[in-house]
Amino acid sequence: MNEIEFNVSNAELIVMRVIWSLGEARVDEIYAQIPQELEWSLATVKTLLGRLVKKEMLSTEKEGRKFVYRPLMEECTAINLMADGLIQKVCQTKHVNVLQEMIEKSTLTAQDLEFLQESLKAKEAVEQKHCNCLETSGLCACKHEHEQISA
């Protein structure tokens, strides 16, 4: 899979999370783990599995009369790619807002907080942040440099 083209839908991520949790699984095992409130049919799960195989997120191997699906990408790699994709979609002047929102909405242990604090201490500060909304150079050319994002 080309990392630049990483594009997995929310539904596909639900299926991937099941497979990452199980390590490998057959369709019926995956279907049994899908939250019932989603009201997905077995055909929906099969369609999503087919898409994930085409996207090279999963391998499939016939064992007896059933197919076994295995992840071709580790969950940590997918999370890093999703984070990279998100941060690239947001103006550099708003990265701090994205991080702050993610921290606020996350369930974190004391150990997690310590890890984040150490990561912040190790991070080198830049003199200025530059707007990357448009192909311009210099300070933020957009009108949101000092706005705060609120949910």
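Residues numbered from 1 in each chain as written. Predicted model: local features only at pLDDT ≥ 70, side-chain atom pairs only at ≥ 80, totals over all residues. Heavy atoms only, no water.

Per an unreviewed UniProt entry, the protein goes by the name Transcriptional regulator and belongs to Lactococcus cremoris subsp. cremoris GE214. Under the UniProt heading Sequence similarities (unreviewed entry), the entry covering the protein gives this text: "Belongs to the BlaI transcriptional regulatory family." (UniProt positions renumbered as here; feature names shortened; annotations may be inferred.)

A. Focus on the layout of surface pockets. What the largest pocket holds in volume is close to 1600 Å³. As for the largest pocket, its lining consists of 38 residues, and the residues nearest its centre are A83, I87, V98, L99 and M102. Counting only elements with at least two residues in the lining of the largest pocket, the list comes to α1 (10-22), α4 (75-89), α5 (95-105) and α6 (110-122). A per-element tally of the lining of the largest pocket places α4 first, with eleven residues. The class makeup of the residues in the lining of the largest pocket is 20 nonpolar, ten polar and eight charged. (1 Å grid on protein atoms, 1.4 Å probe; cavity = no way out; pocket = protein on both sides within 12 Å on 5 of 7 lines; lining within 4 Å. Points joined across faces, edges and corners; volume = space filled by probe spheres on them. Helix = DSSP H or I, 4+ residues; strand = E, 2+ residues; numbered from the N terminus. Nonpolar A, V, L, I, M, F, W, Y, C, P; charged D, E, K, R; others polar.)

B. Structural context of the environment of Q128. Inspection of the secondary structure puts Q128 in the segment after α6. Classification of Q128 by relative accessible area gives partly exposed; the value is 44%. Taking the C-alpha atoms as reference, Q128 lies 9.2 Å from T93; in sequence the two are 35 residues apart. (Buried < 20%, exposed > 50% of the residue type's maximum accessible area, 1.4 Å probe, protein only.)

C. View of the nonpolar core. Membership of the largest hydrophobic core comes to 23 residues, with the highest contact counts inside it found for V15, I30, L49 and M57. Counting residues per element, the ones that place at least two in this core are α1, α2 (27-33), α3 (42-54) and α4. Top element by residues in this core is α1. It accounts for six residues. (Core = buried A, V, L, I, M, F, W, Y, C linked by side-chain atoms within 4.5 Å.)

D. Representation of a nonpolar patch on the surface within the structure. Together, I103, L108, L113, F115 and L116 make up an exposed nonpolar region whose accessible area comes to about 430 Å². Examining the composition of the nonpolar patch, we find that three residues originate from one element, α6, more than from any other. Within the secondary structure, L108 sits in the loop between α5 and α6. (Patch = residues over 30% accessible without salt bridge, like charges linked within 9 Å, V, L, I, M, F, W, Y side chains within 5 Å. Areas by Shrake-Rupley, 256 points an atom, 1.4 Å probe, with all protein chains shown as cover. Salt bridge = Lys/Arg side-chain N within 4 Å of Asp/Glu carboxyl O.)

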